[in-house]
Every structure is written in C-alpha cells, then in structure tokens.
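One-letter residues, chain by chain:
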Amino acid sequence: MQIQKDSIRKKILEVARSEFIAKGFKDTSMRTIAKKSEVNLSNIYNYFSNKDEIFCEIVADLLLVLDNMIKKHNNNNDIELYVNDTEKYVREQIKMFIQLVDEFKEEFRLLFFKSAGSKLEDYREKCIEVHTKTGKEFIELVKQKYPSINGNVSKFFIHTMSSWFISSVAELVMHDLSSEEVERFVSEYMHYSVAGWKKVMEIGE
C-alpha cells in the first residue's frame, strides 16, 4: 500500500514539475495537475496541502545544495586556497558550478523566472542578501587570517557584486548553451571575478 502511495506522490510531482516549467507557478492549476496525474483533485490534498508545497518540494534539492554551498564558502580551506592557490580554488569553483547547472538547470529556471505567486517568488532577492552577508563575513575572516589585506570593502559594493553573481547564474540557465559554452563562461567568470576581488582586497600586492 505504501509503495502505491509513493508511486502516486511521485507521479504528482512529475506532472507538476512539467506544468510549472511550461506555465510557471501562477498559471499552473491543481485541477490540471490532478487530471494529468490521473488522481482525483480531492485525493491530491492527501499528499500535498497546496500548490506551494508541491513547488517547494520540486526545488528542495537545489535549495539544499545552495544552502550547503553557502555554509561551506567561508571555511578555512577555501580561505587558504583563495589566498595561496588561486588556480586550484578557481578550478574547484568551476567544477562545482558546472555540475550544479547541469543537474538543476530547470529548477534554477523555476526559481528565477517562474516562481511568481509562490512563497519563493522573492528567492532571488533573498539569495542576494545571503550572498552579501556571506561575502562580508568572508572578507572579515580573510582579514583576520591575513591582516595585511584591505578589508575595508563597502557593503554596497559587496551587495552589487552579489547581485551580479546571481544575475550571471540566471543568464547562464536562461540560455540553452552547450556544455562547452557553459564551461567557458564559468571559467571566464571565475577568473575575472577572483582577479577583481583580489585587486580590491590587495591580496598579493
């Protein structure tokens, strides 16, 4: 019986994902999800309390990965690589982002472009806020470890660079690029970004 319930739940999520991708959150109806899932509308509510819950579950794995990335960003190993082995740091970042985009491209599109009306419709703005906070903390940690660097970077500059980063990811997933084009863009972005930040922070000068 549990296997059957799991199968129905999976089917609902598969159909809802396709509908959200095609129409966006706002224009997708529970009635259509029920019809295409071949599940009675009333029965869907035995699995999900509302459309928002379905949408959140569809992007849950991506949100978890992004949250873990943010938590890892300011660890000591990344600080050491950033300062002393930039090329290795850049290579690791390139590999991580390529894998992320390859695995979650549609989920990114849902979050950035098709979440209007859902509880995640302001995710992009919140993401920028989190990246700004993380970036400020990163500079402070680098300054503590390497007192000679310039830690006096304005919060608005960090905010703007965070916004640029999120916009770059949005552009990356919005276009249908080949694997080679994705890799080239991420490589160019990372080299440009890291070189710029190291200049502003006066690392290695």
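Since the structure is predicted, the reported quantities are computational estimates derived from the model, not experimental observations.

Undergrad: Looking at this structure, how should I read the nonpolar core?
TA: Buried together is how nonpolar side chains tend to be arranged in soluble globular proteins. In this structure, Ile54, Tyr82, Phe108, Phe112, Met190 and Met201 are the most contacted members of the largest nonpolar core, which totals 60 residues. Top element by residues in this core is helix α7 (residues 86-113). It accounts for eleven residues. If sequence neighbours within four positions are ignored, isoleucine 54 has contacts with Ile12, Leu13, Ala16, Phe20, Met30 and Phe48.

Undergrad: Please clarify how the pattern of salt bridges should be interpreted in this entry.
TA: Opposite charge on two side chains allows them to pair when their charged atoms are near. Under the counting rule described, the total for this entry stands at 14 salt bridges. Glutamate 107 is the salt-bridge partner of arginine 17, the closest N and O atoms lying 3.0 Å from each other. Taken together, the residues span a long stretch of sequence, with arginine 17 in helix α1 (residues 2-23) and glutamate 107 in helix α7 at a distance of 90 residues. Using a relative accessible area of 30% as the deciding quantity, one classes arginine 17 as partly exposed. A residue is classified by how much of its surface remains accessible, and glutamate 107, at 9% relative accessible area, is buried. Each of Lys105, Glu106, Arg109 and Asp176 takes part in one network of salt bridges that share partners.

Undergrad: Just to check I follow, could you spell out the layout of surface pockets for this structure?
TA: Taken as a whole, the largest pocket spans an internal volume of roughly 900 Å³. Lining the largest pocket we find 41 residues, and of these Ile70, His73, His131, Thr134 and Phe165 sit closest to its centre. Elements with a minimum of two residues in the lining of the largest pocket: α5 (60-73), α6 (76-84), α7, α8 (123-145), α9 (155-174) and α10 (179-200). Broken down by element, the residue count for the lining of the largest pocket peaks at nine residues, all from α8. Taken together, the residues that form the lining of the largest pocket break down as 28 nonpolar, seven polar and six charged. For the second largest pocket, the calculated volume is near 180 Å³. Lys10, Leu13, Glu14, Arg17, Glu57, Ile58, Asp61, Phe104 and Glu107 are the residues that line the second largest pocket. It is α1 that provides the largest number of residues to the lining of the second largest pocket, a total of four residues. Taken together, the residues of the lining of the second largest pocket break down into three nonpolar, no polar and six charged.

What counts and how
- Residues numbered from 1 in each chain as written.
- Predicted model: local features only at pLDDT ≥ 70, side-chain atom pairs only at ≥ 80, totals over all residues.
- Heavy atoms only, no water.
- Core = buried A, V, L, I, M, F, W, Y, C linked by side-chain atoms within 4.5 Å.
- Buried < 20%, exposed > 50% of the residue type's maximum accessible area, 1.4 Å probe, protein only.
- Helix = DSSP H or I, 4+ residues; strand = E, 2+ residues; numbered from the N terminus.
- Contact = heavy atoms within 4.5 Å.
- Salt bridge = Lys/Arg side-chain N within 4 Å of Asp/Glu carboxyl O.
- 1 Å grid on protein atoms, 1.4 Å probe; cavity = no way out; pocket = protein on both sides within 12 Å on 5 of 7 lines; lining within 4 Å.
- Points joined across faces, edges and corners; volume = space filled by probe spheres on them.
- Nonpolar A, V, L, I, M, F, W, Y, C, P; charged D, E, K, R; others polar.

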